[in-house]
Amino acid sequence: MCRVLAYLGSEVPLEDLLIKPENSLINQALDPERHPQLQLAGWGFGAWGEHLLKPDEPLLYHRPMAAFYDDNVDGIVPSLQVGTMLAHVRAADYNSTTVLADENCHPFSFKGTPWIVAQNGDMPNWILLQRELLQHCKDEYLEQMAGTTDTEFLYVLLLSLLESDSDEDVKRAFEEMMRLIVRAMKELELPALTKLKMALVSPNRIIGVNVGTGHQGELDPAGDWRELRKSEPGTDDYALGMLLEPMYVLMGRNFSYDGPTYDFEECTVDDATGVIFASEPLTDSKADWGTLEFGEIMFLEKDGEKVTKTVDKLKV
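Just so you know, these numbers come straight off a predicted model, no measurement behind them. (Residues numbered from 1 in each chain as written. Predicted model: local features only at pLDDT ≥ 70, side-chain atom pairs only at ≥ 80, totals over all residues. Heavy atoms only, no water.)

Undergrad: Any chance you could explain the layout of surface pockets here in plain terms?
TA: To locate leftover empty space, one rolls a probe as large as a water molecule over the atoms. In this structure, the second largest pocket encloses a volume near 340 Å³. Put simply, the parts of the chain that give the lining of the second largest pocket at least two residues each are β9 (247–257) and β10 (262–265). Of the residues belonging to the lining of the second largest pocket, the class tally is nine nonpolar, six polar and five charged. (1 Å grid on protein atoms, 1.4 Å probe; cavity = no way out; pocket = protein on both sides within 12 Å on 5 of 7 lines; lining within 4 Å. Points joined across faces, edges and corners; volume = space filled by probe spheres on them. Helix = DSSP H or I, 4+ residues; strand = E, 2+ residues; numbered from the N terminus. Nonpolar A, V, L, I, M, F, W, Y, C, P; charged D, E, K, R; others polar.)

The following block contains the structure:
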C-alpha cells in the first residue's frame, strides 16, 4: 500500500510538506509507520501555485525510483511554493514483474479534466476485470492511458463516469464505479480484497475516498482494523486491517514547519485556513488528527481564506 499526502491552504514552501519534517512523505518512503514494505517503486507530486507561470495547470513531477534516492529533490522542491498539492510514494511487490517507469508514478493527470489522482490501494485482477469494465470507459481517457497500473485504469473509469465536477456528481461516480467493479468480479468469478483509498485533487479542492471490498468482494467487510493489523503481514487478516484502516486529516490555521514536525494553529473547524489529508498521521500529536473512516467520502474546498470540510457515507 502506497503513501499519499495532499495539502490545501495558503501558499507554503513545498519543502515544508515533503522534505523537512521527520515524518515527511519522502521519509515515509524509507520508514513508513503503517506499512510493512519500503516504498521503492517511484514517487511524484502535482501542485498548483499562484506564482507558477501556469497557475491553472498542475506542475507535475515523477521519478521511478525511491524518493529518498532522488538527487533532483534538493534542487527542485526548495524552489517551489504551493497552495494545492498532491504527492505520492509508490509501494510495489519486490519482484521482476514490477514495472518501474515514469508512466506508473502517481499522481496521474489527463487532458480534458481538472482532476489529478493518487491512491494507496490495490485492485487485484484489474487486467481481467477490464473485460467487463472497458465498456464504461470513454475513448478520450483510454487514449491517454500510458502506464500499467490499476490506479491509472481506475482514473479512466472514474473520469468516464463523471457527469460534472460537483461534489454530488463526484460522489455518484465513485458509488457507480464500486458497483461496476463488484458486478465485474461476480460476472468473471474473481472476488478479491480491493482497496480504493484515493485523493482526487484539483485547484482549491481535495476529495478523499476510503472504500473497497472484502476478500469475497463484499462491500461491507467487518472487523476492528487495530486488532487485525496485529496479524502477520501477508495474512488475510492483516490485509483486511489495511483495508478498514482510516485515512487522516489535520485542519487548522497558518500552517508552518517549525522543526521537527508540521504544525497548525489550533482553531475551530469553521475557522480553518489549511488542511492536510494523508495515509497516516504526520505528527507525533496523533490525537489532533481526524479520520476518514472506511466507506466515507470527504470534500475539502478552499473558499477565500477558509477551508471547508464535508464528510458523507458512500451508498454502495
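Undergrad: Sorry if this is basic, but what is going on with helix α6 (residues 150–161) here?
TA: The periodicity of an α-helix, 3.6 residues per turn, causes residues three or four places apart in sequence to face the same way. For α6, which comprises 12 residues, the first-to-last C-alpha distance of 17 Å matches the rise-based estimate of 16 Å (1.5 Å per residue) to within 8%. Of all 12 residues in α6, 12 are buried, a share of seventy percent or more. Of the residues making up α6, those classed as buried are Asp150, Thr151, Glu152, Phe153, Leu154, Tyr155, Val156, Leu157, Leu158, Leu159, Ser160 and Leu161. Against the buried residues of α6 lie β5 (108–109), β6 (116–119), α4 (126–133), α5 (139–142), α7 (167–188) and β7 (194–202). (Expected span 1.5 Å × (residues − 1). Buried < 20%, exposed > 50% of the residue type's maximum accessible area, 1.4 Å probe, protein only. Contact = heavy atoms within 4.5 Å.)

Undergrad: What am I meant to see in the environment of Lys195 here?
TA: The residue Lys195 is located in strand β7 in this model. Taking C-alpha positions, Lys195 is 12 Å from Ile181, a pair spaced 14 residues apart along the chain.

Undergrad: I keep staring at the pattern of salt bridges and nothing clicks. Help me out?
TA: Between side chains of opposite charge, a pair can form as their charged atoms come close. Applying the stated criterion across every chain, the model contains 14 salt bridges. As a salt-bridge pair, Glu227 and Lys230 come within 3.0 Å of each other at their nearest N and O atoms. By relative accessible area, which is 45% here, Glu227 ends up partly exposed. The exposure class of Lys230 is exposed, given its relative accessible area of 62%. One salt-bridge network, in which partners are shared between bridges, spans Glu15, Asp16 and Lys20. (Salt bridge = Lys/Arg side-chain N within 4 Å of Asp/Glu carboxyl O.)

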